[in-house]
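Observations on the three-dimensional arrangement
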Amino acid sequence: MQVTENKKKSFFSGLTGQIIIAMVLGAALGIIIHNSISQEAAVSFSNKIKMLATIFIRLVQMIIAPLVFTTLVVGIAKLGDIKTVGRVGGKALGWFFTASFISLLIGLFFVNVLKPGVGLKLDHVDMAAATEVTAKTKILSVENFVEHIVPKSIFESLATNEILQIVIFSIFFGLAAASLGSTVKPIINAFDKASHIVLKMVNYVMNFAPIGVFGAIAGVFAIRDAEELIITYFKFFGSFLVGISTLWVVLIVVGYIFLKGRMTELLRRIVGPLAIAFGTTSSEAVFPKLTEELEDFGVKDKIVAFMLPLGYSFNLDGSMMYMTFASIFIAQFYGVHLDLGTQMAMLLVLMLTSKGIAGVPRASLVIVAATCGMFKIPVEGIALILPIDHFCDMFRSATNVLGNALATSVVGKWEGNDDSDTVLEN
């Protein structure tokens, strides 16, 4: 009995327990506000309370660029040479593209089987709300895609948290450092110490996570009638949950295949990051904490440093599943027939255009809008899913975290016996 009480006490005094409590309290406060004051006052309250979430996310964003740069440079230097980097990178990209393809297929399968857009009647759809999203579809041109990947200034990339650009620069910097051998050991050691300082900052920032989650949840429920939304979008949201749940089952089963019994420990360790991503709808918000948890799980720091930044650009499993699901849902609503060949072409387009856009606000919606335009589906249909998108985003973000944690852990296991010489060895 005493053991059970101690476990309960440790859970609710820990970060995960605090976040769950914050989510419940935030939802309760938001519902009370929504039902007791005018819509205008509720919007004002929502904008103010969401500042708590904004502050938390900005604190995390403050850490991400220096953490990615220092850990990735050290990680590349520890990997040792271009051959090793190529081997690990090849395994990483092979995993990412396979996972993305499976995620897209799951979305494609369930939207065709359950047909959530067929016969749906939606009144008072705010088409103007889609303007912000559709205006950003220009970023998906080939020119802008290349510009987004390759940095013209590392300082600009660091200032704007362009993760993929920081990764590109860090790979070049780390490989150059590794090629110079022991002469650069003091610099690499300095970066290593700096990364540990940043990780220590993570512990301070994470103390603010429950407050940020509370603000995010309260702000949404204050202006949204959750019950009405769920009833209106019951078929869409229910079908989406079936698809995302299937993806979770696939990821977890794959995890047990590769990690065996250790998958249970991995799931236990990432409960906190999953809860933060779910509450804030930001997988980016848990990047530093996830780094720490995966290293504690036993994945070599050089693998974590290499895999996670790449994963945040190339391995967004939850977002990928949602993209095919949402695109074909809009087509179903407007009665646009898409044969299987066209749908597979759409899948391949989504596979390519979705890479490297992690830093784009509402990236999933931007890509859905652009894809609709390519396949003659009314782009303004993006307004159909905007009211429910926040709730879908909660599940997408958590799924992205699970996918990246799994990918990093599996590649870390594959590289577990790597005894390559590094510039840091004596």
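Numbering of residues starts from 1 in each chain and follows the order in which that chain's sequence is written. Given that the model is predicted, a residue must reach a pLDDT of at least 70 before its local features are reported, and side-chain atom pairs must reach 80 or more before they are shown or counted; all residues, however, enter totals for whole chains, interfaces and linings. To obtain the side-chain values, all non-hydrogen atoms of the structure were used and water was disregarded.

Stated formally: UniProt positions are given in the numbering used here, feature names are shortened, and annotations may be inferred rather than shown by experiment.
Identification of the protein as Dicarboxylate/amino acid:cation symporter from Flavobacterium johnsoniae is taken from an unreviewed UniProt entry. The UniProt entry for the protein carries the following comment under Subcellular location (unreviewed entry): "Cell membrane".

**Section: the packing of aromatic side chains**
Filter applied, for reference: Classification of ring pairs uses Phe, Tyr and Trp, with its six-membered ring standing for Trp, and accepts pairs whose centres are within 6.5 Å; under 30 degrees between planes counts as stacked, over 60 as edge-to-face, and the remaining range as tilted. Consider the ring centre and the ring normal. A charge sits over the ring if Lys NZ or Arg CZ is within 6 Å of that centre and within 35 degrees of that normal.
Scanning the entire structure with this criterion turns up 21 aromatic pairs. Every member of this aromatic cluster is reached through a ring pair, and the members are Tyr233, Phe236, Phe237, Phe240, Phe278, Tyr322, Phe325, Phe329 and Phe395. The lysine or arginine in question, Arg262, covers the ring of Phe297, its NZ or CZ lying 4.0 Å from the ring centre.

**Considerations on the packing of helix α4 (residues 82-114) against helix α20 (residues 382-414)**
Heads up, the condition is: Axes here mean lines fitted to C-alpha atoms, for a helix over just the part in contact, with angles spanning 0 to 180 degrees between N-to-C directions. Helical segments are the DSSP runs of H or I of at least four residues, strand segments are the runs of E of at least two, and each set is numbered from the N terminus. Just so you know how the angles are binned, under 35 degrees is roughly parallel, over 145 roughly antiparallel, 65 to 115 roughly perpendicular, and the rest oblique. By definition, turning the near helix anticlockwise from the far helix through less than a right angle yields a left-handed crossing, and turning it clockwise yields a right-handed one. In this description, contact between two residues means that some pair of their heavy atoms is separated by no more than 4.5 Å. Side-chain classes are defined by residue name, with Ala, Val, Leu, Ile, Met, Phe, Trp, Tyr, Cys and Pro counting as nonpolar, Asp, Glu, Lys and Arg as charged, and the others, Gly among them, as polar.
Running from amino to carboxyl end, α4 crosses α20 at an angle of 140 degrees, the nearest separation of the two axes being 10 Å. For the element pair α4 / α20, the angle class is oblique. Seen from above, α4 lies across α20 with right-handed handedness. From α4, Val88, Lys91, Trp95 and Phe96 reach across to α20, where they touch Leu406, Ala407, Val410, Val411 and Trp414. The residue makeup of the contact of α4 with α20, split by class, is eight nonpolar, no polar and one charged.

**Considerations on helix α2 (residues 15-36)**
As a reminder, the rule being used: By this rule, a helix spans an expected 1.5 Å times one less than how many residues it contains. Buried means the residue's accessible area, taken with a 1.4 Å probe over protein chains only, is under 20% of the maximum for its type, while exposed means over 50%, and partly exposed covers the values in between.
Taking 1.5 Å per residue as the helical rise, α2 with its 22 residues ought to reach 32 Å, and the 31 Å between its terminal C-alpha atoms agrees with that figure. Within the span of α2, buried status applies to Thr16, Gly17, Ile19, Ala22, Met23, Gly26, Ala27, Gly30, Ile33 and His34.

**Observations concerning the nonpolar core**
Soluble globular proteins tend to pack their nonpolar side chains together in the buried interior. For clarity, the cut-off: To define a nonpolar core, start from buried Ala, Val, Leu, Ile, Met, Phe, Trp, Tyr and Cys residues and group those joined through side-chain atoms within 4.5 Å.
Membership of the largest hydrophobic core comes to 120 residues, with the highest contact counts inside it found for Phe56, Phe236 and Phe306. Per element, the largest residue contribution to this core is 16 residues, and it comes from α20.

**A look at the pattern of salt bridges**
Any two side chains of opposite charge can pair, given that their charged atoms come close. In plain terms, the rule: Here, a salt bridge means any side-chain nitrogen of Lys or Arg that lies within 4 Å of a carboxyl oxygen of Asp or Glu.
Considering all chains together, one arrives at nine salt bridges under this definition. Linking Arg269 and Glu293 is a salt bridge whose minimum nitrogen-to-oxygen distance equals 3.5 Å. Within this pair, whereas Arg269 is found in helix α13 (residues 262-269), its partner Glu293 is found in helix α15 (residues 287-297), the two being separated by 24 residues in sequence. Residue classification places Arg269 among the partly exposed positions, given a relative accessible area of 21%. In this structure, the salt-bridge partner of Lys289 is Glu292, at a minimum N-O distance of 3.6 Å. Remark: Glu292 and Lys289 occur in helix α15; sequence separation between them is three residues, near one turn of the helix. Classification of Lys289 as buried rests on a relative accessible area of 14%. A network of salt bridges, in which partner residues are shared, links Arg262, Glu265, Arg269, Lys289, Glu292 and Glu293.

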